[in-house]
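# Per-entry structural report
Chain residues, written in single-letter form:
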Amino acid sequence: MGEPEYESVVLVKQEVFVYKIPPRQSNRSYRAADWNLLDPIWTGRLRMVSKGRSLCVKLEDKSNGTLFANCPIESYPGVAIEAVSDSSRYFVLRIQDGNGRTAFIGLGFGDRSDSFDLNVALQDHFKWVKNEEKIEKEKVEPKQQLDLGFKEGETIKINMKITKKDGSEASSRLTGKKTGVGGLLPPPPGGNKISPPQAGSPSHQQLPAPAAAATGGQTEWGEFTSAGVQSTTADAAAATPSKTNSNWVQF
């Protein structure tokens, strides 16, 4: 057993005007200028009430609440309530009695904001009805489950960026350039080299021959035939700098 439906008041306007309208001509829209706006046939209160999904506009006496006319509304926009083409303050209502007979009357507001409130209340109600119907439909017909699995032969490609602590980005791949030993960069090309000392400079002096070589004795450096040979060898060594230590200065 479903929950009982209660009648809810959606909108109340204390003063509205009802007009007798001429028959509609073909498909032409209604115009308030065709009515006798200075002479309404009735003045009273408007109440818009809802009961579940049904909605109706009740025109009642302001003093005792006697019902003057009832306008059930199935949809908006629709034939039950229709705006005129020449003003935003006037509407055409299709009223209905207890026997199902219908008639069309004109409805007007003294202030434009009242007619705006009527439009908003109608739109909000039928928007709610549409959402309720959508929810019920989803309960009966569950949503189709999406197949997110990989098909045969399908692949995906993911691009990743690694962010350092300082906010800069680092590539996830190593570069092809080689660095120096221990992670240090090699020295720049074309560096200045220290030239070897010139002959005759104070730093270029002949070393004296060891005494052991002059006597023909044998030392830990080996045996030499004469001191002259050792002196010549020492002079050549002093005149020709070492290839391996070309950047050092001899003192």
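Higher on the page you've got the structure.
Residues numbered from 1 in each chain as written. Predicted model: local features only at pLDDT ≥ 70, side-chain atom pairs only at ≥ 80, totals over all residues. Heavy atoms only, no water.

Glancing now at the overall build of the chain. Tallying secondary structure elements over the chain gives three helices and nine strands in all. Taken from the N to the C terminus, the helices and strands of the chain come in the order β-β-β-β-β-β-β-α-β-β-α-α. The burial tally for the chain puts 21% of its 251 residues in the buried class. The long-range share in the chain, meaning contacts at least 24 apart out of those at least 6 apart in sequence, stands at 52%. Accessible surface, the chain: about 19,800 Å² in total, of which carbon and sulfur atoms supply 54%. (Helix = DSSP H or I, 4+ residues; strand = E, 2+ residues; numbered from the N terminus. Buried < 20%, exposed > 50% of the residue type's maximum accessible area, 1.4 Å probe, protein only. Contact = heavy atoms within 4.5 Å. Areas by Shrake-Rupley, 256 points an atom, 1.4 Å probe, with all protein chains shown as cover.)

Across a sheet, paired strands are connected by hydrogen bonds in the backbone, their directions being either parallel or antiparallel. Spatial ordering of the open sheet is given by β4-β3-β2-β1-β7-β6-β5, a layout of seven strands whose pairing is antiparallel. Of all the strands in the sheet, the pair left with one neighbour each is β4 (67–73) and β5 (81–83). Strand-to-strand, the axes of this sheet are offset by a mean angle of 30°, without reference to chain direction. Those strands touched by helix α1 (residues 112–140) are β1 (7–19), β2 (42–51), β3 (54–60), β4, β5 and β6 (90–96), and its axis lies near 145° from that of β1. (Pairing = 2+ DSSP bridges. Axes fitted to C-alpha atoms, helices over the stretch in contact; angles between N-to-C directions.)

Bringing the pairing of β6 into the picture now. As a general feature of sheets, a regular strand has side chains that alternate between the two faces. Of all seven residues making up β6, six are buried, and the element is well covered by its neighbours. Inspection of the sheet shows β5 paired to β6 by three bridges, in the antiparallel sense. The partner of Glu82 across the bridge, within β6, is Val92. Where β5 folds back onto β6 in an antiparallel hairpin, the turn is made up of six residues. Two strands pair when backbone bridges link them, and β6 and strand β7 (residues 102–108) are joined in this way by seven bridges, in the antiparallel orientation. Pairing of Ile95 across the sheet is with Ala103, part of β7. Where β6 folds back on β7, the antiparallel hairpin that results is connected by five residues, among which Gly100 adopts a positive phi of roughly 90°.

This paragraph deals with the packing of aromatic side chains. Counted under the stated rule, the structure contains five aromatic pairs. Taking 6.1 Å as the distance between ring centres and 85° as the angle between the ring planes, the aromatic pair formed by Trp35 and Tyr90 counts as edge-to-face. One end of the pair, Trp35, is in the loop between β1 and β2; the other, Tyr90, is in strand β6, with 55 residues separating them in the sequence. Assessed through its relative accessible area of 7%, Trp35 is described here as buried. For Tyr90, a relative accessible area of 8% gives the class buried. Among the aromatic residues, those joined into a cluster by ring pairs are Tyr19, Trp35 and Tyr90. (Phe/Tyr/Trp six-rings, centres within 6.5 Å; stacked < 30°, edge-to-face > 60°.)

Take the pattern of salt bridges next. Pairing between side chains becomes possible if they bear opposite charge and their charged atoms approach one another. In this structure the tally under the stated criterion is ten salt bridges. Asp97 is the partner of Arg101 in a salt bridge, and the nearest nitrogen-oxygen pair spans 2.8 Å. On the basis of relative accessibility, which here comes to 29%, the residue Asp97 falls in the partly exposed class. Here the residues in one salt-bridge network are Lys13, Asp114 and Asp117, joined through shared partners. (Salt bridge = Lys/Arg side-chain N within 4 Å of Asp/Glu carboxyl O.)

Right, let's talk about the environment of Met48 for a bit. Its location among the elements puts Met48 in strand β2. You can call Met48 buried: its relative accessible area is 0%. C-alpha of Met48 to C-alpha of Pro72: the two residues are 24 residues apart in sequence and 9.8 Å apart in space. Not counting chain neighbours up to four residues away, the residues in contact with Met48 comprise Ser8, Val9, Val10, Leu11, Leu55, Cys56, Val57, Leu118, Ala121 and Leu122.

With that settled, the discussion passes to unusual backbone geometry. The omega angle of the peptide bond from Tyr76 to Pro77 is -5°, so this bond is cis rather than trans. With respect to the helices and strands, the residue Pro77 is situated in the loop between β4 and β5.

In this section: the side chain of Arg47. If you trace the backbone, Arg47 turns up in strand β2. Apart from the residues lying within four places of it in its own chain, the contact partners of Arg47 are Val9, Leu11, Val12, Cys56, Val57, Lys58 and Glu60.

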